[in-house]
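As a plain string of letters, each chain reads:
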Amino acid sequence: QVHLAESGGGLVQAGGSLRLTCVASGRALSTLNMGWFRQAPGKEREFVAANNWIGTWTDYADSVKGRYTISRDNAKNTVYLQMNSLKPADTAVYSCAGSDYDRAYSIRWNDYALWGQGTQVTVSS
C-alpha cells in the first residue's frame, strides 16, 4: 500500500520561510509525478506546484512563482516544497499528491490518485 506523509508545516510570520517534506512509502518515488496542493478554510483546493517523475517538468501556480520551489530526491523517496517570503494568504492545509509516471503531467487535483493527510501552514501578519 502506497502512503504519502507530509511534515514541516507550522506557524510563521509573514516574510518567513518553511520547507515542507513529503515522504513516499510502498512505492518508488521515481514512478510518480508529484504535486503540492493547498486548501484554505472555506475555499476550494488549489494547485501550488508539481514536477514529473524524473524532474524534467515543473510548474507553479502564479501566486507562488518566484517564492516556492518544488524539488525531489528519488533516492530518499522524498519531495520538498521550499516556501519563502510567505504571506498570510498562503495560510492553508498543504497536501502532497502522486500520479502514475506514465500519465500526463497535470496541475489538476483530480488527476492525482495518491494523497497525503496534509500539514497546516499558518502565516501571521
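Residues numbered from 1 in each chain as written. Predicted model: local features only at pLDDT ≥ 70, side-chain atom pairs only at ≥ 80, totals over all residues. Heavy atoms only, no water.

Enquirer: What's the story with the sheet that holds strand 3 (residues 18–25) in this structure? I'm lost.
Expert: The strand order across the open sheet formed by four strands is 1-3-8-7, and the pairing between neighbours is antiparallel. At either end of the open sheet lies a strand with only one pairing partner, and these are strand 1 (3–7) and strand 7 (68–73). Adjacent strand axes in the sheet meet at a mean angle of 15° when their direction is disregarded. Pairing analysis gives five bridges linking strand 1 to strand 3, with the strands arranged antiparallel. In the sheet register, Glu 6 faces strand 3, and the bridge partner there is Cys 22. (Pairing = 2+ DSSP bridges. Helix = DSSP H or I, 4+ residues; strand = E, 2+ residues; numbered from the N terminus. Axes fitted to C-alpha atoms, helices over the stretch in contact; angles between N-to-C directions.)

Enquirer: I keep staring at the packing of aromatic side chains and nothing clicks. Help me out?
Expert: Using the criterion set out here, one finds five aromatic pairs in the structure. Measuring from centroid to centroid gives 5.3 Å for Phe 37 and Tyr 112, while their planes differ by 70°, and the two rings are edge-to-face. Here Phe 37, found in strand 4 (residues 32–39), pairs with Tyr 112, found in the loop between strand 9 (92–100) and strand 10 (114–115); they are 75 residues apart in sequence, far enough to count as distant. You'll find Phe 37 and Tyr 112 in the same group, each marked buried. (Phe/Tyr/Trp six-rings, centres within 6.5 Å; stacked < 30°, edge-to-face > 60°. Buried < 20%, exposed > 50% of the residue type's maximum accessible area, 1.4 Å probe, protein only.)

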